[in-house]
Amino acid sequence: MTDRDDIYQTHLDKVPDFRFDTAVARVFPDMIRRSVPGYAETVAMSGIIAARYAQAGTHLYDLGCSLGAVTLAMRHALTTDDCRIIGIDNSQSMLERAGHYLALDDEGPEVDLVCADICNYPLENASVTALNFVLQFIAPEQRLTLLSRIAAATCDGGALILSEKIAFDADEQQIQDTLHHDFKRANGYSDLEIAQKRSAIENVLIPETEDVHRERLLAAGFSKVIRWYQCFNFVSYLAIK
Ligand code: GEK
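Here the residue numbering is sequential within each chain, running from 1 through the sequence in written order. Restriction of local features to residues with pLDDT of at least 70 applies here, the model being predicted, together with a cutoff of 80 or more for giving and counting side-chain atom pairs; totals for whole chains, interfaces and linings are based on all residues. No hydrogens and no water enter the side-chain calculation; it runs on all heavy atoms of the structure.

Here we look at the packing of helix α5 (residues 140-153) against helix α8 (residues 210-220)
Next up, step 1: Note on geometry: axes are lines fitted to C-alpha atoms, helical ones only across the stretch in contact, with angles between N-to-C directions running from 0 to 180 degrees. Put simply, DSSP marks the helices as runs of H or I at least four residues long and the strands as runs of E at least two long, and each gets a number from the N terminus on. Between α5 and α8, whose axes approach to 8 Å, the crossing angle comes to 50°. Relative to α8, α5 is oriented oblique. Crossing angle aside, the handedness with which α5 passes α8 is right-handed. The segment α5 lies against α8, with Arg 143, Leu 144, Leu 147, Ser 148 and Ala 151 engaging Arg 216, Leu 217, Ala 219 and Ala 220.
Next up, step 2: Class assignment for the residues of the contact of α5 with α8 results in six nonpolar, one polar and two charged. Working definition: roughly parallel below 35 degrees, roughly antiparallel above 145 degrees, roughly perpendicular at 65 to 115 degrees, and oblique for all remaining angles. Each crossing is labelled by how the near helix is turned from the far one, with a counterclockwise turn of less than a right angle marking it left-handed and a clockwise turn marking it right-handed. We call two residues in contact when some of their heavy atoms are within 4.5 Å. Note on residue categories: nonpolar means Ala, Val, Leu, Ile, Met, Phe, Trp, Tyr, Cys or Pro, charged means Asp, Glu, Lys or Arg, and polar means any other residue, Gly included.

Re the packing of helix α1 (residues 22-35) against helix α4 (residues 92-103)
The angle between the axes and the distance between the axes are what describe a pair of packed helices.
Next up, step 1: One way to put it is that α1 packs onto α4 with a least axis distance of 8 Å and a crossing angle of 40°. Taken as axis vectors, α1 and α4 run oblique relative to one another. Between α1 and α4, the residues in contact are Thr 22, Val 24, Ala 25, Arg 26, Phe 28 and Pro 29 and Ser 93, Met 94, Arg 97 and Tyr 101, respectively.
Next up, step 2: Its residues assigned to classes, the contact of α1 with α4 shows six nonpolar, two polar and two charged.

Brief notes about the side chain of Thr 58
Next up, step 1: Relative to the helices and strands, Thr 58 resides in the loop between α2 (39-53) and β1 (59-63).
Next up, step 2: Categorising residues by exposure relies on relative accessible area from a 1.4 Å probe, with only protein chains included: less than 20% of the type maximum marks a residue as buried, more than 50% marks it as exposed, and the intermediate range marks it as partly exposed. On the basis of relative accessibility, which here comes to 4%, the residue Thr 58 falls in the buried class.
Next up, step 3: Distance and chemistry together define a polar contact, namely a pair of N or O atoms within 3.5 Å, with one atom able to donate a hydrogen and the other to accept it when in protein, and with adjacent residues in sequence counting only for side-chain atoms on both sides. Looking at Thr 58, its side chain comes within polar contact range of the main-chain oxygen of Gln 55, at 2.5 Å.
Next up, step 4: Not counting residues up to four positions away in its chain, the partners in contact with Thr 58 are Asp 82, Cys 83, Arg 84, Asn 125, Ala 126, Ser 127 and Cys 155.

Considerations on the environment of Ser 93
Next up, step 1: Secondary-structure assignment places Ser 93 in helix α4.
Next up, step 2: Residues Ser 93 and Leu 179, spaced 86 residues apart in sequence, show a C-alpha to C-alpha distance of 31 Å.
Next up, step 3: Apart from the residues within four sequence positions on either side, Ser 93 is in contact with Asp 21, Thr 22 and Ala 25.

Quick word on the sheet that holds strand β7 (residues 234-240)
Next up, step 1: For two strands to pair, DSSP has to find at least two bridges joining them. Here we have seven strands laid out as an open sheet, ordered β3-β2-β1-β4-β5-β7-β6, and mixed in their pairing. Looking at the sheet topology across the chains shown, the edges are occupied by β3 (111-115) and β6 (224-231). Strand after strand, the sheet turns through a mean of 15° between neighbouring axes, direction not considered.
Next up, step 2: Where strand β5 (residues 154-165) and β7 come together, seven bridges link them in antiparallel fashion. From the neighbouring strand, Leu 162 faces β7, where its bridge partner is Tyr 237.
Next up, step 3: Across the sheet, α4 lies against β2 (84-89) and β3, angled at about 165° from β3, the strand it touches most.

Here we look at the packing of aromatic side chains
Next up, step 1: To pair, rings of Phe, Tyr and Trp, with the six-membered ring standing in for Trp, must have centres within 6.5 Å; the planes then decide the type, stacked if under 30 degrees apart, edge-to-face if over 60, and tilted in the middle. The tally for this structure, following the rule as stated, stands at five aromatic pairs.
Next up, step 2: Arranged with centres 5.1 Å apart and planes meeting at 90°, the rings of Phe 20 and Phe 137 form a pair that is edge-to-face. Of the two residues, Phe 20 sits in the segment before α1 while Phe 137 sits in the loop between β4 (126-132) and α5, which places them 117 residues apart along the sequence.
Next up, step 3: Under the relative-accessibility criterion, Phe 137 is labelled partly exposed at 26%.
Next up, step 4: Ring centres of Tyr 39 and Phe 133 lie 6.4 Å apart, and the angle between their planes is 45°; on these two criteria the pair is classed as tilted. On the criterion of sequence distance, the pair formed by Tyr 39 in helix α2 and Phe 133 in the loop between β4 and α5 is long-range, its members being 94 residues apart.
Next up, step 5: Classification of Phe 133 by relative accessible area gives buried; the value is 10%.
Next up, step 6: Think of it as a cone above the ring: NZ of Lys or CZ of Arg counts as a charge over the ring if it is within 6 Å of the ring centre and within 35 degrees of the ring normal. For the cation-ring pair, Arg 34 lies above Tyr 189, with the distance from its terminal atom to the ring centre recorded as 4.0 Å.

Digging into the site of the ligand
Next up, step 1: Residues are classed as near a molecule or strand on a simple rule: at least one heavy atom within 4 Å of it. As a structural note, the neighbourhood of the ligand is formed by 19 residues, with Tyr 39, Gly 64, Ser 66, Asp 89 and Asp 117 the closest of them.
Next up, step 2: Here Tyr 39 contributes a side-chain N or O atom positioned 2.5 Å from an oxygen atom of the ligand.
Next up, step 3: Here a nitrogen atom of the ligand sits 3.0 Å away from a polar atom, N or O, in the main chain of Ile 118.
Next up, step 4: Protein contacts shield 93% of the accessible area of the ligand, which totals 650 Å² for the unbound molecule.
Next up, step 5: Taken together, the residues of the shell around the ligand break down into eleven nonpolar, six polar and two charged. Each accessible area value is a Shrake-Rupley result obtained with a 1.4 Å probe; residue values ignore everything except the protein chains displayed when judging cover.

Observations regarding the environment of Leu 144
Next up, step 1: Secondary-structure assignment places Leu 144 in helix α5.
Next up, step 2: Here the alpha-carbon distance between Leu 144 and Asp 156, two residues twelve residues apart in the chain, equals 19 Å.
Next up, step 3: In contact with Leu 144, not counting residues within four places along its chain, are Arg 216, Ala 219 and Ala 220.

Encoded structure:
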């Protein structure tokens with residue numbers, strides 16, 4: 001049982017930019033489940049995909065791991081020996097809680113949790129990297145560099161799992177936004193909460209179109225890009241090196 005997300009329940013005169021601080025970490029499982037359609041499936045399928053693309057003696061990275069949901073899904077799904085799973089996040093509050101979940105879990109290969117900025121942290125010998133709902137928070141001008149570093153660290157036949165909130169042309173954007181807000185309303189968020197959250201993430205979460213994602217993944221060094229999941233404006237890709 002986790003705490004309910006009530007962060008934007010009361011009216012704020014000025015809504016501050018969204019940050020992954022202690023208040024967010026405390027309610028994160030509830031927040032992401034009620035805000036991101038298909039989140040549970042994305043986590044579970046990331047484990048399935050990781051098991052398929054993992055190679056013996058390599059690293060599996062979960063970049064922007066938050067509470068480690070994908071880190072643990074990878075750990076439980078792996079059938080390959082001798083892998084090391086590394087979850088990285090630059091929010092100390094998230095990692096502290098991820099550590100508690102990890103301590104309760106003793107099944108599978110070794111896991112390291114690292115507090116670091118994924119834009120600087122050295123990556124090497126990767127067979128699988130998950131970057132789920134994180135690239136959207138990285139400054140657009142740093143995204144190609146990050147993806148190129150991931151591709152360079154990935155062995156042949158290895159994979160990147162990339163999940164993002166994406167952007168559309170104006171007509172589709174309006175339809176997808178409406179459906180996403182319906183989803184949040186159906187999950188108990190009020191119109192005030194939805195509006196204040198939207199304003200909090202406006203300058204922080206910058207979505208891009210599918211074309212931009214595909215072209216950049218190819219430019220970064222991946223050879224094939226497949227969309228394996230979509231629920232409204234939330235999409236998951238598999239990029240294979
Ligand atoms: C999941 N992947 O459960 N370096 C490291 N971490 C970062 C950086 C950065 N530069 N920028 C943001 N983060 C997870 C969910 S949440 C998505 C990911 C969301 C971290 C940030 O601290 C947060 O924990 C995570 O990326 C984004 O599948 O809240 O919408």
